[in-house]
Amino acid sequence: MSANRNIVLLGLAVALSTGAPAFAQNNDQLGGAPAQQMAVPNANAADVTQQLTLTVNKSYMIEFDTEIDDVIVGNPAIADIVARDRRRVAVMGAAPGETNIVFLDRSGRKLKVLEVSVTDGVAGMDQLRGLIKRHVPGAKIDIEAVNGRIILSGMAPNLSAADRVVQLAKPYAKDENAVLNLIAIQGKDQVALKVRFVEMQRTVLKQMGINLSGEINIDDWNTQLETNNAFPINGSALGGLAANLGYVNTVNGVLQSSVGAALNALERVGVVRTLAEPNLTAISGEAGKFLVGGEFPVPVAQDEGTITVEFKPFGVGLGYTPVVLSEGRISLQLSVEVSELSQQGGFASRGVTGIDPNTGQPIVGQTITIPALKVRRAETTVEIPSGGSLVIAGLIQESTRQSLDGIPGAKDIPVLGALFRSRDFINDETELVVIVTPYLVDPTDPQNLRDPDRGYVTPRDLRTVFFGKLNEVYAVPGSAAGKTAAPKGSSGFIFD
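Residues numbered from 1 in each chain as written. Predicted model: local features only at pLDDT ≥ 70, side-chain atom pairs only at ≥ 80, totals over all residues. Heavy atoms only, no water.

1. Looking at the environment of Gln256
Mapped onto the fold, Gln256 is located in strand S15 (residues 254-276). Residue Gln256 is classed as partly exposed on the basis of its relative accessible area, which comes to 24%. Measuring from C-alpha to C-alpha, the distance between Gln256 and Asn217 comes to 4.9 Å, with 39 residues separating the pair along the chain. The residues touching Gln256, leaving out its near neighbours within four places in the chain, are Glu215, Ile216, Asn217, Asn249, Thr250 and Val251. (Helix = DSSP H or I, 4+ residues; strand = E, 2+ residues; numbered from the N terminus. Buried < 20%, exposed > 50% of the residue type's maximum accessible area, 1.4 Å probe, protein only. Contact = heavy atoms within 4.5 Å.)

2. Considering the environment of Glu383
Mapped onto the elements of the fold, Glu383 is located in strand S20 (residues 362-385). The spacing of Glu383 and Leu332 is 51 residues in sequence and 6.1 Å in space, taken between C-alpha atoms. Excluding anything up to four places from it in sequence, Glu383 contacts Leu325, Arg329, Ile330 and Ser331. Of the polar contacts made by the side chain of Glu383, one reaches the side chain of Arg329; its length is 2.9 Å. (Polar contact = N/O pair within 3.5 Å; in protein donor to acceptor, adjacent residues only side chain to side chain.)

3. Topic: the sheet that holds strand S9 (residues 140-146)
The sheet built from three strands is open, its strands ordered S9-S10-S11 with mixed pairing. Looking at strand neighbours, the two that pair on one side only are S9 and strand S11 (179-185), the edges of this open sheet. Shown here is a sheet whose adjacent strand axes are inclined to one another by a mean of 10°, direction ignored. Here S9 runs beside strand S10 (residues 149-156); their pairing, made up of seven bridges, is antiparallel. Considered in S10, the bridge of Glu144 is made with Ile151. The strands that helix H3 (residues 125-135) touches are S9 and S10; relative to S9, the one it contacts most, it runs at about 160°. Of the strands in this sheet, S9, S10 and S11 touch helix H4 (residues 159-169), which is tilted by about 160° from S11. (Pairing = 2+ DSSP bridges. Axes fitted to C-alpha atoms, helices over the stretch in contact; angles between N-to-C directions.)

4. What about unusual backbone geometry?
With a phi close to 65°, Asn57 is a non-glycine residue in the positive phi region. By the secondary structure assignment, Asn57 is in the loop between strand S2 (49-55) and strand S3 (59-63).

5. What about the nonpolar core?
One finds Leu128, Ile141, Ile143, Ile150 and Leu152 to be the most contacted residues of the largest nonpolar core, which totals 23 residues. Elements with a minimum of two residues in this core: H3, S9, S10, H4 and S11. Beyond its immediate chain neighbours, meaning those up to four positions away, Leu152 contacts Ile141, Asp142, Ile143, Val165, Val166, Ala169, Val179, Leu180, Asn181, Leu182 and Ile183. (Core = buried A, V, L, I, M, F, W, Y, C linked by side-chain atoms within 4.5 Å.)

6. Structural notes on the pattern of salt bridges
This model, assessed by the stated rule, comprises twelve salt bridges. The partner of Asp85 in a salt bridge is Arg88, with the nearest N and O atoms 3.6 Å apart. The exposure class assigned to Arg88 is partly exposed, which follows from its relative accessible area of 29%. Measuring nitrogen to oxygen at the nearest pair gives 3.8 Å for the salt bridge that ties Glu431 to Arg202. Residue Glu431 is located in strand S22 (residues 421-441), and its partner Arg202 is located in strand S12 (residues 190-218); the two are separated by 229 residues in the primary sequence. Glu431 gets classed as partly exposed once you look at its relative accessible area, which sits at 34%. Through salt bridges with shared partners, a single ionic network connects Lys194, Arg196 and Glu277. (Salt bridge = Lys/Arg side-chain N within 4 Å of Asp/Glu carboxyl O.)

Interpretation in functional terms is not warranted from these geometric data alone.
Laid out in structure tokens, this is it:
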């Protein structure tokens, strides 16, 4: 170590005698890149040890508050120093490895101990720093290169800025997986999402059917005439007007002739309105899920007579992942659904438990009925400003079915053909709209929030029995809710 110490002292003395050329020549050797600077605290500081990471052929400038008298380098082959004067020195990365450098003053006290780590580095780090500074101005990113890998640390204003830094660093690493992201986000934005499902269903059904019948008896000869015009779409008359006309001719209690006509007429109009409005809040970059409904059992396997049941969810579901891209702009990955149980399209099966030994017929045992789901679902990714609304899904569907049932030939007779035919007409119209509205939100005082049960008080038994009250009062006597003045002007709910 004494030989190394003598060499360092000789280099320091030469540098101090010649001034700037020693450092300037080294800087030219590095292509003229400016050396980084580090201010060293006073020697009286409690902790004089500091970590320093360098890449090969890079320098780091150190400035001291007091004059340097002695420098000890653990391994000059890994890291060495070049002095400009007694207060400023440059640490040079020579080869990959680790070493330490001790700086002493004239009295022999330690001014600074550097634990130096020299890495191979990755080419273009200065260029990458410039790109980050230009394209992500609000980020304060530290870049370290270790064995072809890039380690990113520091702070970014939001998740979008951190992602842009990672994308800029990938071309400089040996592969896309060689970028380690340790960037912290300055502020965690919270996004509240409001989703509205609005569905209108309109149904028009018309039925018109005429059935004719007649009978004539002459001695031993008789004949019957009957037209039976069914309703093929719905299978039968659904109600409405039902009229029967005709006469019967009998002689001494014996039917001689009869004529009859049955008329069925129906017109039905129906409207169904479905509204669901789920709301959910999640942190930017994190996923959130919301479900109001239930789960129904579905058999999925059978092993030696044992049925395995799996439960499937249904109801109003919402799942989304928000990412705050910039001030007021939000990217949403959405999955929204409204489902309900339906017998249409369901499945029913019967299990055979054995064979009747007397008849040889199978004995039907357990019956399994699995309902179907009527689902309205939308999955997409959109970008919306905070407080803005966007229709992410819409459906207008119209289904018309019409059929005529009658006697061939007779039903085609003008005017009179209406007596020999029946008509079924069904028209279904469905309109569905899904609207989303995101908001950037902050926590607030609980007193600013309204609970659904605020002001509800369970009534006493006497008030329920004698007065039929389901609640005592709407607000607790003396509470702020009870003293709130009535709103001025028009107020209440508006129904379109």
